[in-house]
Amino acid sequence: MTTSQAYLSDLFSLDGRVALVTGGSSGIGRAVAEALARAGARVVVVARREAELAKTVGELEALGARAAWVSADLGTRAGVRAAAKEAVGAFGEPDILVNSAGVNLRPPMGEVGEDVWDTTLAVNLEAPFLLGERFGPGMAERGFGRIIHISSQQAHRAFVQSGVYGVSKGGLESLARSQAEAWSPYGVTSNTLVPGFVMTPLNARLSSDPGRVAALAARTMVGRNGLAEDFAGAAVFLASRASAYVTGQSLFVDGGLSVH
Ligand SMILES: NC(=O)c1ccc[n+]([C@@H]2O[C@H](COP(=O)([O-])OP(=O)(O)OC[C@H]3O[C@@H](n4cnc5c(N)ncnc54)[C@H](OP(=O)(O)O)[C@@H]3O)[C@@H](O)[C@H]2O)c1
């Protein structure tokens with residue numbers, strides 16, 4: 001039997017969908033933005049640095065996708081609201097919301113100042129909450145929506161003394177469950193992708209230490225650390241019709257790190 005493209009399309013195609021990807025200009029968010037675009041979605045990427053955003057959109061357009069960017073600071077409520085408003089101006093209300101923008105400021109717990117707490121919680125948890133409040137009800141009214149958060153193994157266990165970061169990610173997984181409870185009856189799922197250690201700019205400090213990189217790779221089952229591209233398939237799945245009955249879940253994309 002030959003592969004049925006129609007069958008695959010029915011399950012996974014994002015043709016006609018609009019996706020908003022925060023942090024879509026770098027690392028995991030960049031890879032997810034490309035995956036959703038290649039699966040057919042029109043994609044709006046949101047972050048602060050304009051040059052990275054414009055470069056990403058240029059690369060997506062070169063693949064034949066329709067894409068747009070919005071520069072905004074998701075660390076403030078005003079910034080989140082402005083981002084949402086401008087993003088809708090590109091292709092209309094999103095069917096898919098991916099929250100990948102995140103910061104990891106890393107002081108250990110005893111050295112965390114209120115500024116680190118505020119910034120971490122604002123970008124990693126409050127922005128996803130506010131964007132969910134802005135777009136979730138509309139998705140529910142239209143009868144289809146997909147919310148995908150990027151959390152961390154630190155939602156499940158402490159790791160390399162990064163203090164408040166794990167707090168924000170634990171909250172994010174709870175947020176996904178609350179959103180799932182609210183909107184799943186109306187066709188809107190909310191799930192979380194859980195990375196292990198992924199070689200992106202967020203991890204520049206750890207990634208530049210070959211000994212640490214090798215030790216972390218050895219803790220996985222696959223035998224290597226994550227790459228941003230490893231999130232493409234899981235993101236398309238969670239954004240597509242195929243995942244309609246998967247909601248409130250945390251899907252580990254970590255090479256087996258969390259169960260080793
Ligand atoms: N890499 C890992 O090992 C790992 C592990 C677990 C979880 N994660 C999570 O995965 C997500 C993506 O991380 P990554 O590794 O891909 O990091 P990354 O390459 O550093 O990308 C982070 C993205 O977030 C944006 N961003 C940061 N602060 C922002 C703000 N205040 N307003 C708007 N945009 C902001 C950045 O763009 P600008 O700087 O231009 O704003 C960038 O596009 C994060 O939520 C992270 O916590 C990563």
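What you are looking at is a predicted structure, and each value in this text was computed from that prediction instead of being measured.

Thoughts on the overall build of the chain
Line of reasoning, step 1. On a plain count of helices and strands, the chain comes out with nine helices and seven strands.
Line of reasoning, step 2. Taking 2.2 N^0.38 as the reference for a compact globule, 260 residues should give roughly 18 Å; the C-alpha atoms of the chain span a radius of gyration of 18 Å, in line with that estimate.
Line of reasoning, step 3. Taken along the three principal axes of its C-alpha coordinates, the chain extends 50 × 50 × 40 Å.
Line of reasoning, step 4. Within the chain, the proportion of its 260 residues that are buried is 45%.
Line of reasoning, step 5. Taking all contacts inside the chain whose residues are at least 6 apart in sequence as the whole, residues at least 24 apart take part in 72%.

Section: helix α9 (residues 232–239)
Line of reasoning, step 1. Residues of α9 that are buried include every one of Ala 235, Val 236, Phe 237, Leu 238 and Ala 239, and no others.
Line of reasoning, step 2. At its buried positions, α9 is contacted by α1 (5–12), β1 (18–22), α2 (27–38), β4 (96–99), β5 (145–150) and β6 (188–195).

Focus on the site of the ligand
Line of reasoning, step 1. In the region of the ligand, 28 residues are neighbours, and Gly 23, Gly 27, Arg 48, Gly 102 and Leu 202 sit closest.
Line of reasoning, step 2. It is α2 that provides the largest number of residues to the shell around the ligand, a total of three residues.
Line of reasoning, step 3. For the shell around the ligand, the residue count by class is 12 nonpolar, 12 polar and four charged.

What about the packing of helix α5 (residues 114–142) against helix α6 (residues 164–183)?
Line of reasoning, step 1. Running from N to C, α5 and α6 cross one another at 10 degrees; their axes reach a closest spacing of 9 Å. It follows from the interaxial angle that α5 and α6 lie roughly parallel. Residues Val 116, Trp 117, Thr 120, Leu 121, Asn 124, Leu 125, Pro 128, Phe 129, Gly 132, Gly 136, Met 139 and Ala 140 of α5 touch α6, and the partners they reach there are Val 164, Tyr 165, Ser 168, Lys 169, Gly 171, Leu 172, Leu 175, Gln 179, Ala 182 and Trp 183.
Line of reasoning, step 2. Of the residues in the contact of α5 with α6, the class split is 14 nonpolar, seven polar and one charged.

Here's the deal with the packing of helix α4 (residues 77–91) against α5
Line of reasoning, step 1. Axis separation between α4 and α5 bottoms out at 10 Å; the angle between their running directions is 40 degrees. It follows from the interaxial angle that α4 and α5 lie oblique. The handedness of the crossing between α4 and α5 is right-handed. Residue-level contacts link Arg 77, Val 80 and Ala 84 of α4 to Ala 127, Leu 130, Leu 131 and Arg 134 of α5.
Line of reasoning, step 2. Residue classes in the contact of α4 with α5 are distributed as five nonpolar, no polar and two charged.

Here we look at the UniProt feature "domain: Ketoreductase" (unreviewed entry) in the chain
Line of reasoning, step 1. Mapped onto this numbering, the UniProt entry gives "domain: Ketoreductase" (unreviewed entry) at residues 17–197.
Line of reasoning, step 2. Helix makes up 49% of residues 17–197 and strand 19%. Its end C-alpha atoms lie 30 Å apart.

So, the sheet that holds β6
The strands making up a sheet associate through backbone hydrogen bonding, with each pair oriented either parallel or antiparallel.
Line of reasoning, step 1. Ordered by their spatial adjacency, seven strands build an open sheet running β3-β2-β1-β4-β5-β6-β7, and the pairing between neighbours is parallel. The open sheet has two edge strands with one neighbour each: β3 (67–71) and β7 (250–253). The sheet shows a mean angle of 20 degrees between the axes of neighbouring strands, taken without regard to direction.
Line of reasoning, step 2. Here β6 runs beside β7; their pairing, made up of four bridges, is parallel. Residue Val 194 lies in a different strand from β7, and its bridge partner there is Phe 252.
Line of reasoning, step 3. On the sheet, α2 packs against β1, β2 (42–47), β3, β4, β5 and β6 and is oriented at approximately 170 degrees with respect to β1.
Line of reasoning, step 4. In the packing of helix α3 (residues 50–62) onto the sheet, contacts are made with β2 and β3, and the angle to β3 comes to roughly 175 degrees.

Focus on the nonpolar core
Line of reasoning, step 1. Among the nonpolar cores identified, the biggest contains 64 residues, and Ala 19, Val 32, Leu 36, Val 43, Val 45 and Ala 235 are the most heavily contacted of them.
Line of reasoning, step 2. Ignoring sequence-local partners within four residues, the contact set of Ala 19 consists of Leu 36, Ala 41, Val 43, Pro 94, Ile 96, Val 98 and Ala 239.

With respect to the environment of Phe 231
Line of reasoning, step 1. By secondary structure assignment, the location of Phe 231 is in the loop between α8 (210–219) and α9.
Line of reasoning, step 2. It is 18 Å that separates the C-alpha atoms of Phe 231 and Leu 172, two residues lying 59 residues apart in sequence.
Line of reasoning, step 3. When near neighbours in sequence (up to four residues on either side) are disregarded, Phe 231 contacts Ile 28, Ala 31, Val 32, Leu 193 and Val 253.

What counts, and at which threshold
- Residues numbered from 1 in each chain as written.
- Predicted model: local features only at pLDDT ≥ 70, side-chain atom pairs only at ≥ 80, totals over all residues.
- Helix = DSSP H or I, 4+ residues; strand = E, 2+ residues; numbered from the N terminus.
- Rg over C-alpha atoms; globule rule 2.2 N^0.38 Å.
- Buried ≥ 20, exposed ≤ 12 C-beta atoms within 10 Å, placed from the backbone.
- Contact = placed C-beta atoms within 7 Å.
- Near = placed C-beta within 6 Å.
- Nonpolar A, V, L, I, M, F, W, Y, C, P; charged D, E, K, R; others polar.
- Axes fitted to C-alpha atoms, helices over the stretch in contact; angles between N-to-C directions.
- Parallel < 35°, antiparallel > 145°, perpendicular 65-115°, else oblique.
- Left-handed = near helix turned anticlockwise from the far one by under 90°.
- UniProt positions renumbered as here; feature names shortened; annotations may be inferred.
- Pairing = 2+ DSSP bridges.
- Core = buried A, V, L, I, M, F, W, Y, C linked by C-beta atoms within 7 Å.

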